[in-house]
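Report on the structure
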Amino acid sequence: MSDTKRVGLTDIARGVIRGVPDAPSVARGLYRLATVRPGSHQSIGSVIERWAKKTPDAPALRFEGRTWTYAEFNAWANRIAHALAQAGIRSGQTVAILMENRPEALVCVAATLKLGAVAGLLNHNQRGEVLAHSIDLVKPAALILSAECQEALESSGFATNADACTRFWHGGDDGAPPPAGWDDLDRLAGRQPSTNPASTSSVRADQPCFYIFTSGTTGLPKASVMTHYRWLSAMGGVGNATLRLRGDDVFYVCLPLYHNNALTVSWSSVLAAGACLALDRKFSASRFWDRVRDNGATGFCYIGELLRYLLNQPASGRDQDHAVRLITGNGLRPEIWDAFQQRFGIDRIYEFYGASESNIAFINAFGVDRTAGFTPMAFAIVTYDTDADAPIRQGGKSRMQRVRRGDVGLLISKVTNRRPFDGYTDAKATEGKLLRNVFRNGDCWLNTGDLVRDQGLRHIQFVDRTGDTFRWKGENVATGEVEGALAQLPGIEHGVVYGVQVPGHDGRAGMAAVTLAAGHAFDGAGLARGLCETLPPYAVPVFIRLREEQDTTGTLKYRKVDLKTDGFDPVSVTDPLYVLLDRDKGYERLTERVAEAIAAGGCRL
């Protein structure tokens, strides 16, 4: 059901030989990893100031045809930092930023960090109580709002309950004047000096720099803590040692800045080399390659679904008409890896594994196909009970057991002083992610919540989130792998897979919410035939729900919580529903009568 590729010494040797020309960059990265210490006075702000001094005229940021040099970007950030400081913002306080992708968002982040304050990157797609919850989690001393997000903020009720929070306004594209009670940030900053604030040199690496919110696909978001130390480690390990960007590179980013793929992976890689970050407002499948060409991009950051959207676009004679030589990201499914790389002529794909709250990361440093990569950090892959939704403990001391090479299990990472778990703003949520007395008394490990395959030589392949994997007919079903099988069938634009409860049955039956490609009609017999040929019997979805479009987060993750709640009830679900009762006939319409028979145990699934 998946590519069970194992990584061998030959794969590693090829990667080492290929990286020889970039040895100086690799050496810089390894040196940075070895020398950065949590208590040292190193920070993101100091990196920006160093490039502004070393290469003042080099391009730092590009947006919609305009470019800012490192000197210009640093001076802009300094003026905003002085304005924030004059308003009383100090080290350790939170500055919430609610903007869409735009240069002002990134420069406000830089200004905040220069003061030793924490940038809370709010999700501009959130509304109402969800956005109110996110703001309350970080308890900002100040909030910076851009005009395009005013409606979102008002929906949260914050505008009428913000007396304790200093409010700064940016007028957006049209330069809208600030509402009553808001200070015009551009006007205030314009009165400030462009000199580096003295506070930057006092910021320690172990201080928080960002609050990054989880996507909230299974409930309300949590705010994970990102430190300068982890960001600087990413700069050395990903930017220098792995991607090995050059000063003349342009790295295209269309992912939202409230996501760590943009703010940490992409920005740190750019700053590792003093390269240029080309920022776009949002992802567009139809305009993606045009935007890459317009910016002269030589690399970009992805999430897996972004690449699937691009692969679903009609083939073009210009598919390889670009300067991109490398890409990095996470979630590229093994089944589309080769197809994407060959169609678009991408030389190097640096897939990685990591999470905003995690203390571990894997990166495909050796350029091996179909792997999330390698890590030198301490980790284990342990046996997992899907029914109990918990790792298995065995023996007299209830210890966990490591899986064999090639098998799938729960990824856990060791918590140490050098690799702490920075956690969330909620202490209870932080403790809930920790596993104690795993292999010996007193040890502490982070539960990543992810099932991965041990590929050998410290390499892993991502399989699924633990909450997405379900059990049916005594077997574990990984939704991501079933979604991959659906994606390979003709006529399927998107397929979202999840488990639903069926009365009288153990586990959960597979269900897929399917969006058909333009011009294609639903073929129940053909769909069943294609899935049965690709998947083992227990993994073939029992139910199909046709949807015109899928609900996704701002980072293109599917929202499954409502789909699971809806189940397969044709009375409450208005979308067309189908059920697989006879594999020879294929999927047939699920009527109210058939649903009642299934619930009563009168149909064999």
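All values derive from a computational prediction rather than experimental measurement.

1. Structural notes on the overall build of the protein
Secondary structure assignment for the protein yields 18 helices and 32 strands. Taken over 605 residues, the protein has a buried fraction of 57%. For the protein, contacts bridging at least 24 residues in sequence account for 70% of all contacts bridging at least 6. For the protein, the exposed surface amounts to about 24,900 Å²; the carbon and sulfur share of it is 48%. Taken together, the 69 basic and 66 acidic charged side chains of the protein have centroids lying 8 Å from each other.

2. Some remarks on the side chain of Arg453
With respect to the element layout, Arg453 can be found in strand S24 (residues 444-456). Looking at Arg453, the relative accessible area reads 8%, which means it is buried. For Arg453, the side chain forms a polar contact with the main-chain oxygen of Gly406, separated by 3.4 Å.

3. Re helix H11 (residues 288-295)
Among all positions of H11, only Phe288, Trp289, Arg291, Val292 and Asn295 are buried. All buried residues of H11 project into a common sector of 160 degrees when viewed along the axis, lining one side. Two residues or fewer after H11 comes Gly296, characterised by a positive phi angle close to 65 degrees.

4. Quick word on the sheet that holds strand S32 (residues 586-589)
Strand order in the open sheet made by the five strands is S28-S29-S30-S31-S32, with mixed pairing throughout. Where the open sheet ends on each side, the last strands, each with one partner, are strand S28 (492-500) and S32. Within the sheet, the average angular offset between the axes of one strand and its neighbour, ignoring direction, is 30 degrees. Sheet topology note: the S28/strand S29 (residues 509-516) ladder contains eight bridges and is antiparallel.

5. Section: the nonpolar core
Among the nonpolar cores identified, the biggest contains 102 residues, and Phe210, Trp267, Phe288, Trp289, Phe300 and Leu306 are the most heavily contacted of them. Not counting residues up to four positions away in its chain, the partners in contact with Phe300 are Phe251, Tyr252, Phe288, Trp289, Leu307, Val324, Leu326, Ile327, Thr328 and Phe340. Val542, Leu563, Val573 and Leu577 belong to the second largest nonpolar core, which has 43 residues in total.

6. Some details on the sheet that holds strand S8 (residues 208-213)
If you walk across this open sheet you meet the seven strands as S7-S6-S5-S3-S4-S8-S9, and the pairing is mixed. Of all strands in the sheet, those bounded by a partner on one side alone are strand S7 (183-184) and strand S9 (223-227). Where helix H10 (residues 260-273) meets the sheet, its contacts fall on strand S4 (118-121), S8 and S9, and the angle it forms with S8 comes to roughly 140 degrees.

7. Considering the packing of aromatic side chains
This model, assessed by the stated rule, comprises 19 aromatic pairs. Aromatic pair Phe283 and Tyr309: ring centres 6.1 Å apart, planes at 35 degrees, arrangement tilted. A residue pair is termed long-range when its members are at least 10 positions apart, and Phe283 in the loop between strand S11 (276-279) and H11 and Tyr309 in helix H12 (residues 304-312) qualify at 26 residues. Comparing Phe283 with Tyr309 shows no difference in burial state: the two are buried. Ring geometry for Phe522 against Tyr578: centres 4.2 Å apart, planes inclined by 35 degrees, an arrangement best described as tilted. Taken as a pair, Phe522 in the loop between S29 and helix H16 (524-534) and Tyr578 in strand S31 (residues 577-582) lie far apart in primary sequence, 56 residues in all. Through pairs of rings, three or more aromatic residues link up here, namely Tyr252, Phe283, Phe288, Trp289, Phe300, Tyr309, Phe340 and Phe344.

8. Observations regarding the packing of helix H3 (residues 44-54) against H10
Contact pair H3 / H10: the axes reach a minimum separation of 10 Å and the direction vectors enclose 40 degrees. The angle between H3 and H10 falls in the class oblique. Between H3 and H10 lies a crossing whose hand is left-handed. Residues Ile44, Val47, Ile48 and Trp51 of H3 lie in contact with H10, whose contacting residues are Trp267, Leu271, Ala272 and Ala273.

9. Considerations on the side chain of Arg244
If you trace the backbone, Arg244 turns up in the loop between helix H9 (228-243) and strand S10 (250-253). A distance of 3.2 Å separates polar atoms of two side chains, one belonging to Arg244 and the other to Tyr350.

10. With respect to the pattern of salt bridges
The tally for this structure, following the rule as stated, stands at 27 salt bridges. The partner of Arg281 in a salt bridge is Glu64, with the nearest N and O atoms 2.5 Å apart. Residue Arg281 is found in the loop between S11 and H11, and its partner Glu64 is found in the loop between strand S1 (59-63) and strand S2 (66-69); the two are separated by 217 residues along the sequence. Residue classification places Glu64 among the partly exposed positions, given a relative accessible area of 43%. What you see here is one network of salt bridges that share partners, running through Glu64, Arg102, Glu104, Glu148, Asp173 and Arg281.

So, how was this worked out
Residues numbered from 1 in each chain as written. Predicted model: local features only at pLDDT ≥ 70, side-chain atom pairs only at ≥ 80, totals over all residues. Heavy atoms only, no water. Helix = DSSP H or I, 4+ residues; strand = E, 2+ residues; numbered from the N terminus. Buried < 20%, exposed > 50% of the residue type's maximum accessible area, 1.4 Å probe, protein only. Contact = heavy atoms within 4.5 Å. Areas by Shrake-Rupley, 256 points an atom, 1.4 Å probe, with all protein chains shown as cover. Lys, Arg positive; Asp, Glu negative; His and termini not counted. Charge placed at Lys NZ, Arg CZ, Asp CG, Glu CD. Polar contact = N/O pair within 3.5 Å; in protein donor to acceptor, adjacent residues only side chain to side chain. Arc of directions from axis to C-beta. Pairing = 2+ DSSP bridges. Axes fitted to C-alpha atoms, helices over the stretch in contact; angles between N-to-C directions. Core = buried A, V, L, I, M, F, W, Y, C linked by side-chain atoms within 4.5 Å. Phe/Tyr/Trp six-rings, centres within 6.5 Å; stacked < 30°, edge-to-face > 60°. Parallel < 35°, antiparallel > 145°, perpendicular 65-115°, else oblique. Left-handed = near helix turned anticlockwise from the far one by under 90°. Salt bridge = Lys/Arg side-chain N within 4 Å of Asp/Glu carboxyl O.

Worth remembering: the numbers are spatial, not functional.
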